Amino acid sequence: MTTLYYFTHAPQAQRIRLAYGAKREPLALQPTGWFDDETFFDLGIARQSPVLKESDGRLRTDSVEILADIDRLCPGTPALRDGIVDDAAWQALLDWRRGVDAVLERLYAPLAAGFKGMGDDAEALADYKATVQRRFGMTLEELANDRYDGFAQFTRLSRLPELARHLARERFYLGRLSIADCLLAADLYPLQMHDGIHLPVDMLYYLQRVEEACAVRLNRDWLAQ
């Protein structure tokens, strides 16, 4: 069986969960601890998230490439890319995502404490906090306090209200469920965890539609549900 190894706080892993869920393909979920070097040693790969181990043993680590290749990996219906997402549309979405990546990463960082395997492990959380401070030059608490400005910047850069209205009108990004929705829903869903930050109502309904279409619960690894 195909197995997904992942850190619970990594949105990239949720992209894969959604795609496999939409295909109704079995996917064994293997959350890995922050200090779980043994699992990665056994896999023969550097510690990272996600790692998709196919049934033939092949390892894949790029969630974008996995999404782009999903109709070959899981040839059953429904198609999630073929005949729906052409190369130009996919590249445009990836370009949009890269344009907001830096601000999203700053918004994601404080949320890790709300996930199983991190917020309930004092040693892991302490090490993660040190990692965050080295990376961003700010403490986890400072990043959390900066969330309003960060979300305002993300809203402006992403044109979030316009995107929400488009999704309300079309129901899915391209009018039917596709890999574009697997990427969007996985990446936007965690923002709900921030106190005082509210996604547009139309966006919340969209996220619910994607979860239902993929039969996947995206808050599976949250400490508080």
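In what follows, the accompanying structure is described. Numbers given to residues run from 1 along each chain, matching the order in which its sequence is written. Where totals are concerned, whole chains, interfaces and linings use all residues; where local detail is concerned, this predicted model gives features only for residues with pLDDT of at least 70, and gives and counts side-chain atom pairs only at 80 or more. To get the side-chain values, all heavy atoms of the structure are used, and hydrogens and water are removed first.

Side note on the nonpolar core
Step number 1: We define the nonpolar core as a collection of buried residues of types Ala, Val, Leu, Ile, Met, Phe, Trp, Tyr and Cys that are connected through side-chain atoms lying within 4.5 Å of one another. Only protein chains enter the accessibility calculation, which uses a 1.4 Å probe. A residue is then buried if its area is under 20% of the maximum for its type, exposed if over 50%, and partly exposed in between. If you look at the biggest cluster of nonpolar residues, it comprises 56 residues, and the most contacted ones within it are Leu-18, Tyr-20, Trp-90, Phe-154, Leu-191, Met-203 and Tyr-206.
Step number 2: No other element matches helix α11 (residues 179-188), which puts eight residues into this core.
Step number 3: Membership of the second largest hydrophobic core comes to 18 residues, among which are Tyr-5, Phe-40, Met-118 and Leu-125. The helix count covers DSSP runs of H or I at least four residues long, the strand count covers runs of E at least two residues long, and both are numbered beginning at the N terminus.

Quick notes on the packing of aromatic side chains
Step number 1: Stacked, tilted and edge-to-face are the three classes assigned to paired rings of Phe, Tyr and Trp, where Trp is represented by its six-membered ring and a pair needs centres within 6.5 Å; plane angles under 30 degrees give stacked, over 60 edge-to-face, the rest tilted. Under the criterion given, the structure shown has five aromatic pairs.
Step number 2: For the ring pair Tyr-189 and Trp-222, a centre distance of 5.5 Å and an interplane angle of 50° mean the geometry is tilted. Here Tyr-189 is found in the loop between α11 and α12 (201-214), whereas its partner Trp-222 is found in the segment after α12, with 33 residues between them in sequence.
Step number 3: The buried category is assigned to Tyr-189, whose relative accessible area is 10%.
Step number 4: Residue Trp-222 is classed as buried on the basis of its relative accessible area of 12%.
Step number 5: Ring pairs connect the aromatic residues Phe-7, Trp-34, Phe-40 and Tyr-128, which therefore count as one cluster.
Step number 6: Think of it as a cone above the ring: NZ of Lys or CZ of Arg counts as a charge over the ring if it is within 6 Å of the ring centre and within 35 degrees of the ring normal. Geometry around Trp-34 places Arg-47 over its ring, the cationic atom sitting 4.8 Å from the centre.

Digging into the pairing of strand β1 (residues 3-6)
Step number 1: Going residue by residue along β1, you find Thr-3 and Tyr-5 tucked away on one face and Leu-4 and Tyr-6 tucked away on the opposite face as well.
Step number 2: Strands were regarded as paired on the criterion that DSSP finds at least two bridges between them. Across four bridges, β1 lies against strand β2 (residues 28-31) in parallel orientation. For Leu-4, the partnering residue across the bridge sits in β2 and is Leu-29.
Step number 3: Regarding the hand of the β-α-β motif, the stretch spanning β1, helix α1 (residues 11-23) and β2 is right-handed.
Step number 4: With three bridges connecting them, β1 and strand β3 (residues 51-53) associate as antiparallel partners. Residue Leu-4 lies in a different strand from β3, and its bridge partner there is Leu-52. Here a crossover is taken to be right-handed if, once the strands point away from the viewer, the path from the first strand over the helix to the second is traced clockwise.

That's the geometry; what it means functionally is another story.
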